[in-house]
Amino acid sequence: GGGIGLAFFREYMDITLKDPGEIASLLQIPILGSVSRVRPDGKNIKKTVDIDRIVENDPYSLAAESYRTIRTNLLFSITNSSPTTSIVVTSSVPKEGKTLTAVNLATMIANGGEKVLLVDCDIRKPRIHTIFNLDNKLGLSHFLLGKSNMDEIINYSGVDNLYLVTSGGIVNRPIELISLRNMKLFIEKASLQFSTIIFDTPPITLVTDAAVLSSIATGVVLVAGNRATKELLSRAKELLQNVNAKMFGIILNNIAPSEDIYSYPKYYYGKYYSSK
């Protein structure tokens, strides 16, 4: 009786998500793909910081193949008639890998020939400028304040077809900058030069920045890692629905290889990898 009671208690109290099917059932949105946990291998990925740009640094890795799958699934999810697609990348809580996802998804789409603009909208805790070794003197905040024009804040990433807009200086009240009027103007200007715009935004359950931007972007990609719970993911979906955001799907990040292997066709585990 004690054993049965303990098993019931553990099941009742367990709020974590254990498998992709459970997430799909809970959120009722498609899973675009999953990315395996990546660690330095002493070769292409010598340091932890190299993981942030895994698609560029190790294009034949399992993680890079995962982003190729995600890119394909995402393109099938987009039914946008406009020549430019704007995508918000967010998560339910911090440290789920949303910035890593935004960087590598942008790189993979750029590798496919699209002209891509990656924008750091996490003005409170920006990271994109550090990943690409750029200064953050001019950026999105300067455009939104009317202090700089679009051409002044766009940086070349070093990757063909991929350009960056850093966050700019940290301001006290960023939500007032990321208003509908200001961001609509930014998207309008950026759409004249780019076919895909990817926004790296703060976690949606903590601040309203991602929700505001999601209401005017083409769609949203939600990133879930090891810290995601049923309650937080449900809350994230609710917040996105409240602003009528289109949800392209969810990306599972930092998945253990043993959990991830069944997410991919056997082709990727056969001759393709042994020959690389």
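Higher on the page you've got the structure.
**Thoughts on the overall build of the protein**
So, step 1. Helix and strand counts for the protein stand at 14 helices and eight strands.
So, step 2. Every one of the 276 residues in the protein was classed for burial, and the buried ones make up 50%.
So, step 3. Contacts in the protein between residues at least 24 apart in sequence constitute 79% of all its contacts with a sequence separation of at least 6.
So, step 4. For the protein, the accessible surface area stands at approximately 13,800 Å², while carbon and sulfur atoms represent 52% of it.

**Observations concerning helix H4 (residues 62-77)**
One full turn of an α-helix is made of 3.6 residues, so residues set three or four places apart face in the same direction.
So, step 1. Helix length check: H4, at 16 residues, gives a terminal C-alpha distance of 23 Å against a target of 22 Å (1.5 Å per residue), a fit within 8%.
So, step 2. For H4, every residue scored as buried is listed here: Ala63, Ala64, Glu65, Ser66, Tyr67, Ile70, Arg71, Leu74 and Ser77.

**Regarding helix H12 (residues 230-242)**
So, step 1. Between its first and last C-alpha, H12 extends 18 Å over 13 residues, near the 18 Å set by a 1.5 Å rise per residue.
So, step 2. Positive backbone phi, approximately 60 degrees, marks Asn244, located one or two places after H12.

**A closer look at the sheet that holds strand S8 (residues 247-255)**
So, step 1. The eight strands lie next to each other as S1-S8-S7-S2-S6-S3-S5-S4, forming an open sheet whose pairing is mixed. Both edges of this open sheet fall to strand S1 (31-36) and strand S4 (154-156), since each of them pairs with a single strand only. On average, each strand axis in the sheet is inclined to that of its neighbour by 25 degrees, with strand direction left out of account.
So, step 2. One ladder, built from four bridges, connects S1 with S8; its direction is parallel. Of the residues in S8, the one forming a bridge with Ile31 is Ile250.
So, step 3. The sheet contacts of helix H5 (residues 98-111) involve strand S2 (85-91), strand S3 (116-120), strand S5 (162-165), strand S6 (196-200), strand S7 (219-224) and S8, and relative to S6 the element is tilted by about 170 degrees.
So, step 4. Against the sheet, helix H10 (residues 180-190) makes contact with S2, S3, S5 and S6, and its axis sits at roughly 145 degrees relative to S6, the strand it touches most.

**Focus on the pairing of S8**
So, step 1. Among the nine residues of S8, eight are classified as buried, and the element is accordingly described as predominantly covered.
So, step 2. Of the pairings in the sheet, the one linking S7 to S8 comprises five bridges and is parallel in character. Its bridge partner being in S8, Leu222 is matched across the sheet by Ile250.
So, step 3. For the crossover that starts at S7, traverses H12 and ends in the parallel S8, the hand is right-handed.

**Some details on the nonpolar core**
So, step 1. Core analysis: the largest hydrophobic core is formed by 42 residues, its most contacted members being Leu117, Val119, Val165, Met183, Phe186, Phe199 and Ile250.
So, step 2. Aside from chain neighbours lying at most four places away, what touches Leu117 is Ile154, Tyr163, Leu164, Val165, Phe186, Ala190, Phe194, Thr196, Ile197 and Ile198.

**Some thoughts on the pattern of salt bridges**
So, step 1. All told, the structure shown has seven salt bridges when counted by the stated rule.
So, step 2. For Arg124, the salt bridge goes to Asp209, with nearest N and O atoms at 2.7 Å. Here the residue Arg124 occupies a position in the loop between S3 and helix H6 (128-131), and Asp209 occupies one in helix H11 (residues 209-214), the gap between them amounting to 85 residues.
So, step 3. Under the relative-accessibility criterion, Asp209 is labelled buried at 1%.

**A word on unusual backbone geometry**
A negative phi holds for most residues other than glycine; trans holds for most peptide bonds.
So, step 1. Although it is not a glycine, Lys95 sits at a positive phi angle of roughly 60 degrees.
So, step 2. Here Lys95 shows up in the loop between S2 and H5.
So, step 3. The class for Lys95 is exposed, based on a relative accessible area of 78%.
So, step 4. Although it is not a glycine, Asn133 sits at a positive phi angle of roughly 55 degrees.
So, step 5. Relative to the helices and strands, Asn133 is located in the loop between H6 and helix H7 (140-144).

**Notes on the side chain of Asp58**
So, step 1. Within the secondary structure, Asp58 is located in the loop between helix H3 (54-57) and H4.
So, step 2. In this structure, Asp58 is buried with no salt-bridge partner, the nearest side chain bearing the opposite charge being Arg68 at 8.6 Å.
So, step 3. The residues contacting Asp58, other than those within four sequence positions of it, are Asp41, Asn44, Ile45 and Ala64.

**Things to note about the packing of H4 against H5**
So, step 1. Running from N to C, H4 and H5 point in directions that differ by 75 degrees, and their axes come no closer than 9 Å. Compared by their axis directions, H4 and H5 come out roughly perpendicular. Every residue of H5 that contacts H4 at Ala64, Tyr67, Arg68, Ile70, Arg71 and Leu74 is listed here: Leu100, Thr101, Asn104, Leu105, Met108, Ile109 and Asn111.
So, step 2. A per-class count over the contact of H4 with H5 returns eight nonpolar, three polar and two charged.

So, how was this worked out
Residues numbered from 1 in each chain as written. Predicted model: local features only at pLDDT ≥ 70, side-chain atom pairs only at ≥ 80, totals over all residues. Heavy atoms only, no water. Helix = DSSP H or I, 4+ residues; strand = E, 2+ residues; numbered from the N terminus. Buried < 20%, exposed > 50% of the residue type's maximum accessible area, 1.4 Å probe, protein only. Contact = heavy atoms within 4.5 Å. Areas by Shrake-Rupley, 256 points an atom, 1.4 Å probe, with all protein chains shown as cover. Expected span 1.5 Å × (residues − 1). Pairing = 2+ DSSP bridges. Axes fitted to C-alpha atoms, helices over the stretch in contact; angles between N-to-C directions. Right-handed = clockwise from strand over helix to strand, strands pointing away. Core = buried A, V, L, I, M, F, W, Y, C linked by side-chain atoms within 4.5 Å. Salt bridge = Lys/Arg side-chain N within 4 Å of Asp/Glu carboxyl O. Lys, Arg positive; Asp, Glu negative; His and termini not counted. Parallel < 35°, antiparallel > 145°, perpendicular 65-115°, else oblique. Nonpolar A, V, L, I, M, F, W, Y, C, P; charged D, E, K, R; others polar.

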